[in-house]
Structure formats: C-alpha cells, structure tokens
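# Summary of structural features
Here is how the chains run, residue by residue.
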Amino acid sequence: MLVLMLPMMAFAQWRVGINGGGDLNHFIIDKQYQTDYQFKDRWGGTVGIMGQYDIADWAGIRFELDWMQKNYRQTRETLKVYDYKYVNNYLQLPVMGSFSFGGQKVRGFCNLGIYGGYWLNSSRKGFDYNALTQKGYDFTEKVEFYDDRDRRWDFGFVGGAGLEYRFASHWAAQVELRYYYSTVSTTKVNDVAKDYRYNSTLALQAGLWYCF
C-alpha cells in the first residue's frame, strides 16, 4: 500500500480559491389540500471560498464554505393578485471528491459528494389582497422562524461538472454547473399534517484558484 501511495504523496498539493454565480431553486412540496397554491422556481445568488487537496493529477478532495440563496415564488390560482416572493439565505459546507481529465491547460472535471447547511434567515415581498378593504397592497417583511415548524439544518447530495483553464503556473479558472439535492424537509413533519418541503437547486458558478 505504501508503494502505491508514494506517487500520490509526491504529487500532493493544495489549492485555494473563491467562487460566485447564480442559482435556480425548485421548491418541492406535497400540497395535499393546498391545491390552489402554486410554487414556482426563482433565481438567487451564491458566493463562497473553496479549498482542494489534490492527491493525484486526476483526483482530489474539495471542500467549500458557501453562502447560497434558495428562493421560490408562491401564487394562487383563485386570487390572481396574490404573489409572494421568498428569499432564503443558507450557509453550506460541501465536501466532494473531484476528478479531472484532459490536457495540461484545459481540463474537464466532475465533483461528487455531500453537503451540510444551515438556514440563516428568510424574507418575502410581493402583493396581497385585504378582504376587509377589498384592496390590494404591496409588502416587504421578515419571515420569523418557529421551533415547532421550521427545520433550519439541511443535508443532502451535491454533484457537478465543468471546465478548468490553467492560464498561469499558479492560477486556474473554472466554470461549473452544479446540482444540490436536499434530503431534509424545511418543515418539521407530524402525524396530522405530513407537510414535506424540499429544495432542489441548480447553480452555475465560476471560480478562481491559486495552486501552490
């Protein structure tokens, strides 16, 4: 085993970097009796810092600390004026195996792993209808968290693929299409109301590496 590991130990090197981009979140919900409500995809942003330990020319371990938005829009079929736009900010820690292939300057790569996250805060804005005054109104407000309803810790799977361009001896740029699939409902489910709600997020991001 030691003989097999020696080439990897000789190659091993660190790299650190930053990334940023946009994401499109799909809110998966079991509407049950809420058939009048419509949940629509919505764009958000993502930015983070990243590190990678390359154990071979084609394999490494990648980890990140990212801020990501998992937004969605909620409307109603009967009340056309009802329009809620949610902004949900998360802090996430993806840990992935990274595998690359290709030439010295331009290489393809894929990442596969798991992530843990924490729901930092939530807000919403939009348009609603007051039945008493029979008038519509605009609003912007913070969404409060409740311990008996909201689950703020998040876990799931993450994977992506992209291209890397090594434009200098110690510098490289990447672009990646990445997918996050949450396995944890954002709401706590009980026996009465099985209100499952999951985030499914597709992100397009660019990154800049410094390779030691």
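## Some remarks on the pattern of salt bridges
- Within this structure, the stated rule accounts for 13 salt bridges.
- Between Arg 15 and Asp 54 there is a salt bridge, with the nearest N and O atoms lying 3.3 Å from each other. You can see Arg 15 sitting in strand β1 (residues 13–29) and its partner Asp 54 sitting in strand β2 (residues 37–54), a full 39 residues away along the chain.
- Overall, the relative accessible area of 6% leaves Arg 15 in the buried class.

## Quick look at the state of the cysteines
- Evaluated as defined, the whole model comprises zero disulfides.
- The thiol sulfur of Cys 110 is not disulfide-bonded, and the nearest other cysteine sulfur, from Cys 211, lies at 18 Å.
- Residue Cys 110 is classed as partly exposed on the basis of its relative accessible area of 32%.
- With a relative accessible area of 0%, Cys 211 lands in the buried category.

## What to know about the packing of aromatic side chains
- Inspection of every chain in the model, using the stated rule, returns 20 aromatic pairs.
- Summarising the aromatic geometry, the rings of Tyr 82 and Tyr 84 are spaced 4.3 Å apart at their centres and angled 15° between planes, so their arrangement reads as stacked. In terms of burial, Tyr 82 and Tyr 84 fall into one category: buried.
- Ring centres of Tyr 196 and Tyr 198 lie 6.4 Å apart, and the angle between their planes is 5°; on these two criteria the pair is classed as stacked.
- The exposure class of Tyr 196 is partly exposed, given its relative accessible area of 33%.
- Taking the relative accessible area as the measure of exposure, Tyr 198 reaches 22% and is therefore partly exposed.

What counts and how
Residues numbered from 1 in each chain as written. Predicted model: local features only at pLDDT ≥ 70, side-chain atom pairs only at ≥ 80, totals over all residues. Heavy atoms only, no water. Salt bridge = Lys/Arg side-chain N within 4 Å of Asp/Glu carboxyl O. Helix = DSSP H or I, 4+ residues; strand = E, 2+ residues; numbered from the N terminus. Buried < 20%, exposed > 50% of the residue type's maximum accessible area, 1.4 Å probe, protein only. Disulfide = S-S within 2.5 Å. Phe/Tyr/Trp six-rings, centres within 6.5 Å; stacked < 30°, edge-to-face > 60°.

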